[in-house]
Amino acid sequence: MPIVEIKDLRVTFTGGGKPVPAVSGVDLEVERGETLAILGESGSGKSVTLRALMRLNPEGKSRMEGTVRVAGQDVAALGRRELRAFRGRTAAMIFQEPSLALDPVYTLGQQIAEAVMVHDGCSRNEAMARALALFERVRIPSPERRLQAYPHEMSGGMRQRAMIALALSCRPQLLLADEPTTALDATVQIQILVLVRELQREFGLAVIFVTHDIGVAVEVADRIAVMYAGRVVESGPMREVIRRPRHPYTIGLLRSRAHGALAKGARLETIPGAPPDLADLPPGCPFAPRCFLATATCATTAPGPEPVGAGHQARCLRVDATAALLPAVAEG
Amino acid sequence: MVMQLPLTRPAAPVFERSEGYWSSVFRRLRRDRVAVAALAVILAIVAVALLADYVAPADPYRGATLRRLRPIGTAGFPLGTDELGRDMLSRLIHGARWSLLMGVTPVLVAFVLGSAAGILAGFAGGRINTVIMRSVDVLYAFPSVLLAVALSGALGAGLGNALLSLTIVFVPPIVRVAEAVTTQVRGRDYVEAARASGAGAFTIVRVHVLGNVLGPIFVYATGLVSVSMILASGLSFLGLGVRPPEPEWGLMLNTLRTAIYVNPWVAALPGVMIFVTSIAFNLFSDGLRSAMDVKR
Amino acid sequence: MNGGSQAATDPGSGRGGPAQPLLTVRGLVRHFALPGKLLGRSKAAVHAVDGVDFDVLKGETLGIVGESGCGKSTTARLLMHLINPSAGELIFDGEKVGSRELPLREYRRQVQMVFQDSYASLNPRLTIEASIAFGPSVHGVPRRQAVERARDLLARVGLDPARFAGRYPHELSGGQRQRVNIARALALRPRLLILDEAVSALDKSVEAQVLNLLADLKQEFGLTYLFISHDLNVVRFVSDRVMVMYLGRVAEIGPSEALFSAALHPYTAALTRSMPSMDPDARTEAPPIAGDPPNPIDPPPGCRFHTRCAFVADACARRTPVLTPAPAAVLPSARPDHRAACLMLEPGSGHPRAPAAPAAAE
């Protein structure tokens with residue numbers, strides 16, 4: 001049984017005047033020990049989807065519909081106490097900004113030990129020993145000393161490692177990562193990506209990694225889900241999605257990347273226009289106004305998921321046309 | 001070539017104009033019921049103050065010993081009479097003039113002076129900032145009530161001196177707010193970009209700083225009006241502001257305090273007016289603040 | 001005088017002739033003093049930019065890359081004179097910036113900048129049109145003409161003036177705002193445009209549009225770009241030459257292709273290999289370097305990179321390397337305009353991998 005099952009998830013923000021459907025009908029599954037990357041631009045609903053898994057979207061200002069099951073538990077039905085136990089022990093989250101997770105007035109050792117003691121009910125000494133082991137595991141140099149440090153005394157990369165250690169302190173089964181490397185320098189980012197991959201293998205974690213960077217997704221993911229305007233427009237095994245993309249948006253993203261192989265002075269292929277206003281979406285496919293393959297039907301009919309390969313789906317009415325765009329690679 | 005008839009010229013492009021900032025503030029303000037109600041109260045008080053000579057049913061200065069301290073609802077004196085038998089309603093109406101004068105003038109003058117000094121300090125930075133802000137801190141060290149009383153006492157009783165001392169009390173907080181907002185705006189990229197385009201300090205302040213700082217400072221100042229009214233009433237109460245027989249609310253409160261056991265409701269009326277007016281200014285100030293928040 | 005013997009044939013190439021660098025930077029230093037303890041000055045300072053020399057050639061795109069704290073954004077602000085340098089000089093097309101021949105105001109007309117945060121760099125109270133027209137009116141262009149120019153530029157950056165001129169910044173998307181910022185920078189008809197992470201905050205699908213626009217504008221207005229970014233892929237794509245900075249100093253500078261395909265400095269090599277792979281079958285297995293970039297408050301002595309370098313030797317902590325081209329003995333394809341600050345390239349530097357010192361030296 002998959003550890004994460006999302007069926008027809010809808011999250012609507014109702015804070016301001018017009019309700020904004022940030023996520024409209026997302027279906028996702030993540031197996032144990034698997035890493036799923038959710039790839040999307042700002043406003044695609046990727047972070048909102050991730051937060052829905054831990055019920056972190058503001059309760060008063062947003063409405064959540066559909067089913068979200070994590071490790072057999074219905075997240076929407078959890079009571080207050082169950083939710084607290086669920087957060088941390090079943091699923092843990094790491095953020096782009098470690099300051100969201102780390103308390104500035106306690107040392108890192110105190111914070112991790114506290115979390116371990118609350119969740120496992122063990123003694124302070126045992127908890128500190130666990131914290132030390134975790135610091136060693138996330139490769140923080142001189143871990144004994146760093147356990148006594150406050151978050152502001154550490155560099156960005158070290159803080160990020162400390163946050164990962166905190167997230168892993170209660171041995172969760174699912175790690176949710178919300179762009180944890182976006183604010184980091186390139187040389188530090190790759191260290192964290194490699195670390196996440198190692199930890200995932202070692203602890204048998206399921207990981208959902210939200211990112212806007214295709215390169216990051218390629219580095220960490222087993223499967224990729226591409227989101228656009230609150231929907232998963234394409235999902236499949238990472239290699240398939242990158243090598244044989246079938247949704248015009250994914251194709252556009254891959255083509256518009258500036259990369260080393262491009263000739264100097266060449267023009268980048270672009271996706272015209274800008275992401276749509278979520279409060280005012282067109283009736284059909286939300287990508288149709290920017291799509292180079294769009295037909296009149298696309299503007300009126302919302303596409304459902306079309307199977308385009310083993311475990312590979314694209315929400316597009318023109319998957320036949322995108323198949324023709326594939327480089328001549330033999331099937332399989 | 002064939003002679004061409006004057007063709008219909010291509011229509012000049014119609015330039016769309018977005019709703020300006022202030023009209024959008026006004027639109028949002030109009031939707032805020034509390035702020036609209038507060039503004040209505042303020043406007044009503046202003047109107048009554050302006051038209052006092054016409055609205056007031058009686059002469060606020062003429063009393064009669066025979067009809068002293070009549071209760072509220074007495075025929076001919078809807079709000080009763082004071083300790084000298086003067087019509088309370090008329091005195092409260094005329095008192096609105098004094099109270100608004102005492103509440104608004106010091107804040108207005110302090111707004112002009114304080115903004116100028118604060119924006120200068122914030123934009124110039126460095127030594128100028130230090131000199132201005134540290135001098136302001138000296139005044140800031142005293143509690144405002146104490147400072148107003150001390151200044152008024154030192155300058156001598158009287159309307160002019162009361163206004164002056166209130167102004168001095170309000171300059172420091174406005175300077176602080178102005179300096180803080182300006183320092184913030186000065187660091188924005190659009191000010192950097194303006195400097196990069198070779199604009200002088202004066203032009204940058206005029207085009208890029210004023211428009212972005214005056215709003216917040218103004219909101220803060222409207223909130224001070226109520227403080228000013230209360231302080232002014234306090235000064236009058238102590239005999240340092242307006243003098244009898246003028247019907248200033250604070251002064252009325254003072255003279256009526258002897259009657260508090262005889263006719264408490266009448267004695268409380270000036271206080272009620274002070275309370276309502278200052279609450280109205282505060283609520284309006286809050287509404288304005290949220291209406292001026294531009295979303296990103 | 002510079003270029004005196006060499007008549008400028010192309011009027012667009014300016015006073016000094018095409019061979020004269022558009023901008024020459026010499027010995028640029030900027031330290032930021034840290035607030036001291038109570039009473040008494042502190043000696044600690046952030047060595048944001050610590051002795052940087054380079055040229056920007058006419059018509060080229062020079063990319064600057066580096067990680068946080070490397071000084072690339074401080075360099076941009078120093079070039080724009082938004083902050084004053086602690087030392088060093090700028091020579092713009094043969095004339096010293098700030099001299100009588102080239103007063104600051106005139107220099108600023110010719111050099112403009114686009115910032116990273118598209119929202120913060122537009123005045124929220126001004127219409128788009130007013131923001132763009134501001135620069136020209138400062139320089140004495142009559143109001144009417146300035147507005148004309150603003151509308152014309154809006155059309156050039158792909159925004160219909162009839163729809164956008166009267167709008168306010170918050171009504172635009174990030175990509176549209178960045179187009180406005182580009183138009184604003186071009187309104188003074190500059191020759192050099194400094195793009196400080198100008199596309200970094202944009203969504204990838206929009207970033208490509210803006211990069212294409214920048215390429216078009218460069219051609220159309222004969223511009224020179226200084227393109228600062230942390231994204232190596234983008235820098236490699238847009239730049240003719242690239243400069244790599246590390247902790248306030250230049251680590252390597254050279255033609256884009258040479259620098260990325262055959263890096264001379266170990267840091268450049270590590271940085272290049274740190275970019276996420278786009279090949280599902282060639283993921284990065286081990287991080288190229290460990291640790292975070294050190295704090296620029298107290299930079300390490302000698303070569304600033306030696307604390308993280310895989311080739312570190314004793315000499316690295318003692319001797320400060322200077323920019324040198326690769327000796328032909330080490331790299332046969334070496335080019336004189338491709339230089340790096342590494343002791344492994346300096347003959348007789350004391351590093352075991354350094355080429356032997358020529359007999360003449362010392």
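All figures in this text were calculated on a predicted structure; none of them were measured in a lab.

Calculation criteria
- Residues numbered from 1 in each chain as written.
- Chains lettered and ligands numbered in written order.
- Predicted model: local features only at pLDDT ≥ 70, side-chain atom pairs only at ≥ 80, totals over all residues.
- Heavy atoms only, no water.
- Helix = DSSP H or I, 4+ residues; strand = E, 2+ residues; numbered from the N terminus.
- Rg over C-alpha atoms; globule rule 2.2 N^0.38 Å.
- Contact = heavy atoms within 4.5 Å.
- Areas by Shrake-Rupley, 256 points an atom, 1.4 Å probe, with all protein chains shown as cover.
- Buried area = accessible area lost by both parts, 1.4 Å probe.
- Salt bridge = Lys/Arg side-chain N within 4 Å of Asp/Glu carboxyl O.
- pLDDT = per-residue confidence, 0-100.
- Pairing = 2+ DSSP bridges.
- Axes fitted to C-alpha atoms, helices over the stretch in contact; angles between N-to-C directions.
- Polar contact = N/O pair within 3.5 Å; in protein donor to acceptor, adjacent residues only side chain to side chain.
- Nonpolar A, V, L, I, M, F, W, Y, C, P; charged D, E, K, R; others polar.
- Patch = residues over 30% accessible without salt bridge, like charges linked within 9 Å, V, L, I, M, F, W, Y side chains within 5 Å.
- Buried < 20%, exposed > 50% of the residue type's maximum accessible area, 1.4 Å probe, protein only.
- Core = buried A, V, L, I, M, F, W, Y, C linked by side-chain atoms within 4.5 Å.
- Lys, Arg positive; Asp, Glu negative; His and termini not counted.

J.: Which parts of the structure should I look at to understand the overall build of chain C?
T.: The helix and strand tally for chain C stands at 11 helices and 12 strands. Against the globule reference of 21 Å for 362 residues, chain C gives a C-alpha radius of gyration of 22 Å, in line with a compact fold. If you line up chain C on its principal axes, its C-alpha atoms span 70 × 55 × 55 Å. Pairs at least 24 residues apart make up 66% of the contacts formed inside chain C by residues separated by at least 6 positions. About 14800 Å² of surface is accessible on chain C, with carbon and sulfur atoms providing 52% of the total.

J.: Help me out: how do you make sense of the interface of chain C and chain B in this one?
T.: Interface extent is often summarised as the accessible area lost during association of the parts. Chain C puts 35 residues into the contact, and the matching count from chain B is 28 residues. Between chain C and chain B, a total of about 2800 Å² is buried, with carbon and sulfur atoms accounting for 54% of that surface. Looking at the side of chain C facing chain B, the largest losses of area belong to L82, R125 and F134 of chain C, adding up to 23% of the total buried there. At the surface where chain C touches chain B, the tally comes to 2 salt bridges.

J.: Just checking my understanding: could you explain the confidence of the model for chain C for this structure?
T.: The predicted structure's coordinates, where accompanied by low pLDDT, should not be read in detail. All names here are of chain C. Mean pLDDT over chain C: 87, with 92% of residues reaching 70 or higher. Summarising per-element confidence for chain C, the mean pLDDT is lowest in helix α5 (residues 161-164) (89) and highest in strand β8 (residues 224-228) (96). Note that pLDDT drops below 50 for residues 1-13; the model gives that stretch 12 contacts with residues more than four away or on any other chain. Here the predicted complex scores 0.84 on pTM and 0.85 on ipTM.

J.: Which parts of the structure should I look at to understand the sheet that holds strand β2 (residues 45-56) of chain C?
T.: The strands making up a sheet are joined through hydrogen bonds of the backbone, oriented either antiparallel or parallel. All names here are of chain C. Sheet architecture is open: 4 strands sit in the order β2-β1-β4-β5, paired in antiparallel fashion. Because the sheet does not close on itself, it has two edges, and the strands there are β2 and β5 (95-96). Sheet topology places strand β1 (residues 23-33) next to β2; 9 bridges connect them, and they run antiparallel. Across the sheet, R30 pairs through a bridge with V49, a residue of β2. Strand contacts of helix α1 (residues 72-79): β1, β2 and β4 (87-92), with the helix running at about 115° to β1, the strand carrying the most contacts.

J.: Help me understand the interface of chain C and chain A, please; the structure alone is not making it clear to me.
T.: Of the residues lining the interface, 40 residues belong to chain C; the matching set on chain A comes to 49 residues. Buried surface at the junction of chain C and chain A, summed over both partners, amounts to about 3600 Å²; 51% is from carbon and sulfur atoms. Three residues, F237, M278 and R283 of chain C, lead the burial of chain C against chain A; their summed loss comes to 20% of the area buried on that side. The interface formed by chain C and chain A contains 5 salt bridges. Taken together, the connections running from chain C to chain A amount to 23 residue pairs in polar contact (both at pLDDT 80 or more). Contributing elements (two or more residues each) for the side of chain C that touches chain A: α7 (204-221), α8 (232-238), α9 (256-261) and α10 (266-274) of chain C. With 8 residues, the top contributor of residues to the side of chain C that touches chain A is α7 of chain C. Considering only residue class, the side of chain C that touches chain A consists of 15 nonpolar, 12 polar and 13 charged.

J.: Would you take a moment to explain a nonpolar patch on the surface for this structure?
T.: Residues and elements named next belong to chain B. A contiguous nonpolar surface patch, about 540 Å² in accessible area, is contributed by V34, V41, V272, F275, V276, I279 and L283. Elements that contribute at least two residues to the nonpolar patch include exactly α2 (33-50) and α11 (264-291). Among the elements that line the nonpolar patch, the one with the most residues is α11, at 5 residues. Relative to the assigned elements, I279 resides in helix α11. A relative accessible area of 35% places I279 in the partly exposed class.

J.: So what exactly am I meant to see when it comes to the arrangement of the chains here?
T.: By contact count, the dominant pairing among the 2 pairs of chains in contact is that of chains A and C. There is a gap between chain A and chain B: no contact, and a shortest C-alpha distance of 11 Å.

J.: Before we go on, may I ask you to explain the pairing of strand β9 (residues 223-228) of chain A in this structure?
T.: On any regular strand, side chains alternate: one points to one face of the sheet, the next to the other face. Residue and element names in this part refer to chain A. Within β9, 6 of the 6 residues are buried, which leaves the element mostly enclosed by the surrounding structure. Here β9 shows no split at all, with R223, A225 and M227 on one side and I224, V226 and Y228 on the other all buried. As paired strands, strand β3 (residues 35-39) and β9 are joined by 4 bridges and run parallel to one another. Within the sheet, the bridge partner assigned to I38 lies in β9 and is A225. The sheet contact formed by β9 and strand β10 (residues 231-237) spans 6 bridges and is antiparallel. Bridging from a neighbouring strand, Y228 pairs with R231 of β10.

J.: How do you make sense of the pattern of salt bridges when you look at a structure like this?
T.: Pairing between side chains of opposite charge can happen when their charged atoms approach one another. Taken as a whole, this structure holds 46 salt bridges over all chains when the rule is applied. Measuring nitrogen to oxygen at the nearest pair gives 3.1 Å for the salt bridge that ties R77 of chain C to E192 of chain B. Here R77 of chain C is found in helix α1, whereas its partner E192 of chain B is found in helix α8 (residues 189-196) on a different chain. E192 of chain B gets classed as buried once you look at its relative accessible area, which sits at 12%.

J.: Hey, could you run me through the nonpolar core in this one?
T.: Among the nonpolar cores identified, the biggest contains 102 residues, and L53, I164, L174, I208 and I224 of chain A are the most heavily contacted of them. If we skip the residues at most four places from it in the chain, I208 of chain A touches V4, V30, L36, I38, L50, L53, L174, L175, L176 and A177 of chain A. In terms of nonpolar packing, the next biggest core, distinct from the first, is built from 72 residues, L92, V107, F170 and L251 of chain B among them.

J.: What exactly am I supposed to notice about the side chain of E41 of chain A here?
T.: Checked against the element boundaries, E41 of chain A lands in the loop between β3 and α1 (46-52). No salt bridge is formed by the buried E41 of chain A, whose closest oppositely charged neighbour, R290 of chain A, lies at an N-O distance of 4.3 Å. Polar side-chain contacts of E41 of chain A include one of 3.3 Å to the side chain of Y249 of chain A. If sequence neighbours within four positions are ignored, E41 of chain A has contacts with K46, Y249, L253, P275 and R290 of chain A together with D203, K204 and S205 of chain C.

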